Amino acid sequence: MNKSILLGFAALVWSFSQVGYAQETPSERAPGHLNNNKFKQLYEEFSTPNRYRTASGAPGVDYYQQQVNYDMDIELDDRNQKIYGDETITYINNSPDALAYLWVQLDQNIRKKDAPALEKNGSGMSPLAQPGSFASTYLTDPFDGGFNVTEVKDANGRPLRYTINMTMMRIDLPQPINSGETYQFSIKWWYNVNDHVANRARSGYEYFPEDGNRTYVIAQFFPRMAVYNDVEGWQNYQFWGNGEFALNFGDYKVNLTVPADHIVDATGVLQNPKEVLTRTEYNRYKEAQNSFDKPVIIVTQEEATAKEAEFSDKKQTWKFEAQNVRDFAFTSSRKYIWDMMAVQVGPRKVMAVSLYPKEGNPLWEEYSTQAVAQTLKTYSKFTFNYPYPKAVSVHAKNQGMEYPMICWNYGRPNPDGTYSDRTKFGMISVIIHEVGHNYFPMIVNSDERQWGWMDEGLDTFMQYLTEQEFGAAYPDAITPLEKYPSRRGDPAKIVPYMAGNQEFISPIMSNPENVFQLGPNAYAKPATALNILRETVMGHELFDHAFKTYAQRWMFKHPTPEDFFRTMEDASAVDLDWFWRGWFYSTDYVDIGVKSVKRYYVSPKPGAEVDELLKGYGMTLNDLPPNMVFMVAEDSEDFDPSLAGADPMEQSQSLKEYVMDNYTETERNALEVPKYFYEIEFEKPGGLVMPLIVEYEYADGTKERVNYPVQVWRKNDAAVKKVLATNKELVGIKVDPDAETADIDTENNSWPREETQTDFDQFKEKIKG
């Protein structure tokens, strides 16, 4: 359709109304201002590119990271709930700096009964409380946990001087470790293992009074080296509980000594399966290595139940080795059922594994390992092929925690084995999420202590994609639903948070310790933002390529937020500074609507609107070029009703002459001359700029979707006008018709305004019905 003629003539008239160039008097003149445009580049917010990290978002030529290797002998005392450790740390200084001291993380010290973290929050008196909460708060002493460090020695057995500051220990070196040098030292320690159910901890045991047993999920259990890098120097920000971990890659050799009747799994590859498994268990273990269609049960429910009464006094040592991992965790119990299956991920065979007590069945036997397998497939498709030999899902009440190759997950049926959809989908989702953390941050190793969203947000976004693919792969699991009921990722689901009280909302770019609502802030909002980027702003092809580029650039490295932001732009040629600024650096929200609609017609003479417009610029009709095309609004006082539906060419002699003089007969016959001209003004009460997605509905029942680019807001952050020239009468307008942008107020999204019922009106109608 060729509408350029009419629009070209109309543009001159409309241009007067869009920008005001009239001179202001000194008394009217506003003061000057800085560049507050939502589209300005993030030069002030971003760190300066350098030889360590480039402007493209890639590692620079001088990028470095430290390597830390661990050899550990660990013993779990099940009868007294204690852990003892003797570890040797080999520290390789790849930095250009000489290090006069080392910082070691003592995260278990957050469990000390006098830990400052216990008093980090305010605590008013509540008029009601759960009995358990009341008892733990006012009737019992805090748990006495935390590391008891018994010795710190160098490679020659000489004591090293050290200072413990809360959850950090500084080791003062006899002489600095120069660039390129390796230093080895050892630490002996022990601590009391906490009940993770009672204390809602990431690590500990769950006690089962029915049979007197415990299941252990043990993490953050050994002194771990802090990260030294080009961004923070030593990342020795204290562990207060919310901001998780910043860790180094390295190789691990770990001997785990536990009661002889326990089943154990951990980060890494089991080195001595024949020594620790029965012949039957070993044969099943080997069979599972080539079972790609279904899990093989290594320890059955009947066998695990029989073990619950044994309480062996003997010990057994399970030996694990892991290469290029940032951490180590393990689980141990005589209660465990154990199953596994093989998954083909690119060229590699990966074992998907589950461990769970009988209390997890039948739910866990049916879905856990399948959820692990689907996670490996989907995440690898969007990032990189999973590089580790296994991924383990462990059942643990109220848990959801991740470590290299192993994670703890909630989801427990009722005692009679029944379960709700909420329990089922909650379990599947948490398994996907925690297994997915192998990619972010176990491999793409961001600093969780400072930027919680970099792993939680990216992982929650990938979780959303995986849940949808899980639903497609296992339709029986979601019947009668048509799609998987994801809790986060859908733009509509973040609206209540973004529309909430601004006093209790923090920007995503905040330390996890300093936000009011960590779940929406670090998980849901960044995941939703990435989903909107993929579905609405960039499109699948550009987003997927850029996201995979980021993942592959930074696998087994330490990225920062700027590395992510820059890579997404560098690999897509999409300017996203406006998006990062709004969604990540501010608490602005989306609210875009229709402010007004005016219908115009071509007129043989100028209306009062033209006179008024020219008057504002000190002009008259005589100052205009000859042969102008005039438009008149339907709601103006001088509107002639006969213009409605009239042929514009017959109403404007100037237009008719121009077309006759400048177009051939063939071109004139091909012209489609619109009869209706609509000026639609869109308003933006919300602070976030977003693409303007509009659905126009016409009197003949047809609809037209128009996506105006986000740049439409670059010169006016409050409102923008668009002209719609058409042969059809416009009867309806809807902004964001598919709820793609997380618009918090949809009452202004439609024209004519849609009547919305109050809750009371809906209640009255329900009663009548």
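Report follows, based on the coordinates. (Residues numbered from 1 in each chain as written. Predicted model: local features only at pLDDT ≥ 70, side-chain atom pairs only at ≥ 80, totals over all residues. Heavy atoms only, no water.)

On to the side chain of Gln-399. In this structure, Gln-399 sits in the loop between strand 21 (390-395) and strand 22 (400-403). Sequence-distant contacts of Gln-399, defined by excluding residues within four places in its chain, comprise His-196, Ala-201, Arg-202, Ser-203, Val-217, Trp-408, Asn-409, Tyr-410 and Val-430. (Helix = DSSP H or I, 4+ residues; strand = E, 2+ residues; numbered from the N terminus. Contact = heavy atoms within 4.5 Å.)

So, about the pairing of strand 26 (residues 676-683). Burial within strand 26 is extensive, with eight of its eight residues counted as buried. Across the two faces of strand 26 the burial is the same, with Tyr-676, Tyr-678, Ile-680 and Phe-682 and Phe-677, Glu-679, Glu-681 and Glu-683 all buried. Bridge analysis of strand 24 (residues 593-603) against strand 26 gives seven bridges, and the strand direction is antiparallel. Its bridge partner lying in strand 26, Lys-598 is registered against Glu-679. Of the strand pairs in this sheet, strand 26 and strand 29 (residues 719-726) are connected by eight bridges, and their pairing is antiparallel. Looking at strand 29, one finds that Tyr-676 is bridged to Thr-726. (Buried < 20%, exposed > 50% of the residue type's maximum accessible area, 1.4 Å probe, protein only. Pairing = 2+ DSSP bridges.)

Strand order in the open sheet made by the four strands is 25-24-26-29, with antiparallel pairing throughout. Bordering the open sheet on either side are strand 25 (630-633) and strand 29, each of which pairs with just one other strand. For this sheet, the mean inter-axis angle between neighbouring strands, taken without regard to orientation, is 30 degrees. (Axes fitted to C-alpha atoms, helices over the stretch in contact; angles between N-to-C directions.)

What follows concerns the sheet that holds strand 10 (residues 224-225). The four strands lie next to each other as 5-6-3-10, forming an open sheet whose pairing is antiparallel. Each edge of the open sheet is held by one strand with a lone partner, namely strand 5 (161-165) and strand 10. Two strands pair when backbone bridges link them, and strand 5 and strand 6 (residues 168-177) are joined in this way by five bridges, in the antiparallel orientation. When the bridges of strand 6 are listed, Tyr-162 appears paired with Ile-171.

So, about the packing of aromatic side chains. The full count for this structure, using the stated rule, is 58 aromatic pairs. Both rings, one in Phe-147 and one in Tyr-191, keep their centres 5.6 Å apart while their planes meet at 80 degrees; by these two values the pair is edge-to-face. Of the two residues, Phe-147 is situated in the loop between helix 2 (131-139) and strand 4 (148-154) and Tyr-191 in strand 7 (residues 182-192); the sequence distance between them amounts to 44 residues. Side by side, Phe-147 and Tyr-191 carry an identical accessibility label, which is buried. (Phe/Tyr/Trp six-rings, centres within 6.5 Å; stacked < 30°, edge-to-face > 60°.)

The next point concerns the side chain of Asp-339. Here Asp-339 lies in strand 19 (residues 337-345). Although Asp-339 is buried, it makes no salt bridge; Arg-284 carries the closest opposite charge, 12 Å away. A polar contact of 2.7 Å, which involves the side chain of Asp-339, links it to the side chain of Tyr-356. Filtering out sequence-adjacent residues up to four positions away, Asp-339 remains in contact with Pro-295, Val-296, Ile-297, Ile-298, Ala-352, Val-353, Ser-354, Tyr-356, Glu-365 and Thr-369. (Lys, Arg positive; Asp, Glu negative; His and termini not counted. Salt bridge = Lys/Arg side-chain N within 4 Å of Asp/Glu carboxyl O. Polar contact = N/O pair within 3.5 Å; in protein donor to acceptor, adjacent residues only side chain to side chain.)

Let's shift gears to the packing of helix 7 (residues 363-382) against helix 9 (residues 453-473). What describes two packed helices is the angle between their axes and the distance between those same axes. Two elements in contact, helix 7 and helix 9, have axes whose closest approach is 9 Å; the angle formed by their N-to-C orientations is 120 degrees. Considering the angle they form, helix 7 stands oblique to helix 9. For the element pair helix 7 and helix 9, the recorded crossing hand is right-handed. Residues Tyr-367, Gln-370, Ala-371, Gln-374, Thr-375, Thr-378, Tyr-379, Lys-381 and Phe-382 of helix 7 lie in contact with helix 9, whose contacting residues are Asp-459, Met-462, Gln-463, Leu-465, Thr-466, Glu-469, Phe-470 and Ala-473. Taken together, the residues of the contact of helix 7 with helix 9 sort by class into eight nonpolar, six polar and three charged. (Parallel < 35°, antiparallel > 145°, perpendicular 65-115°, else oblique. Left-handed = near helix turned anticlockwise from the far one by under 90°. Nonpolar A, V, L, I, M, F, W, Y, C, P; charged D, E, K, R; others polar.)

Okay, the environment of Asn-501 next. Inspection of the secondary structure assignment puts Asn-501 in the loop between helix 11 (495-498) and helix 12 (518-537). Judged by its relative accessible area of 43%, Asn-501 is partly exposed. Reaching out from Asn-501, the side chain makes a polar contact with the backbone nitrogen of Glu-503 at a distance of 2.9 Å.

Between helix 7 and helix 8 (residues 421-436), the shortest axis-to-axis distance is 9 Å and the interhelical angle comes to 40 degrees. Accordingly, the angle class assigned to the pair helix 7 and helix 8 is oblique. Crossing of helix 7 over helix 8 shows right-handed handedness. Residues Leu-363, Trp-364, Tyr-367, Ser-368, Ala-371, Val-372, Thr-375, Leu-376 and Tyr-379 of helix 7 pack against Thr-423, Lys-424, Met-427, Ile-428, Ile-431, Ile-432, Val-435 and Gly-436 of helix 8. Split by residue class, the contact of helix 7 with helix 8 holds twelve nonpolar, four polar and one charged.

Attention now moves to helix 15 (residues 577-584). The buried count for helix 15 comes to eight of eight residues, which makes it a mostly enclosed element. Taken together, the buried positions of helix 15 are Asp-577, Trp-578, Phe-579, Trp-580, Arg-581, Gly-582, Trp-583 and Phe-584. On its buried face, helix 15 sits against helix 9, helix 11, helix 12 and helix 14 (561-570).

Omega for the peptide link from Phe-440 to Pro-441 comes to 15 degrees, which places this bond in the cis form. Within the secondary structure, Pro-441 sits in the loop between helix 8 and helix 9. That bond from Thr-479 to Pro-480 is cis: its omega, 10 degrees, falls within 30 degrees of zero. Examined against the element boundaries, Pro-480 turns out to sit in the loop between helix 10 (475-478) and helix 11. One non-glycine residue, Met-405, adopts positive backbone phi at about 70 degrees. Examined against the element boundaries, Met-405 turns out to sit in the loop between strand 22 and strand 23 (406-409). Judged by relative accessible area, which is 1%, Met-405 ranks as buried.

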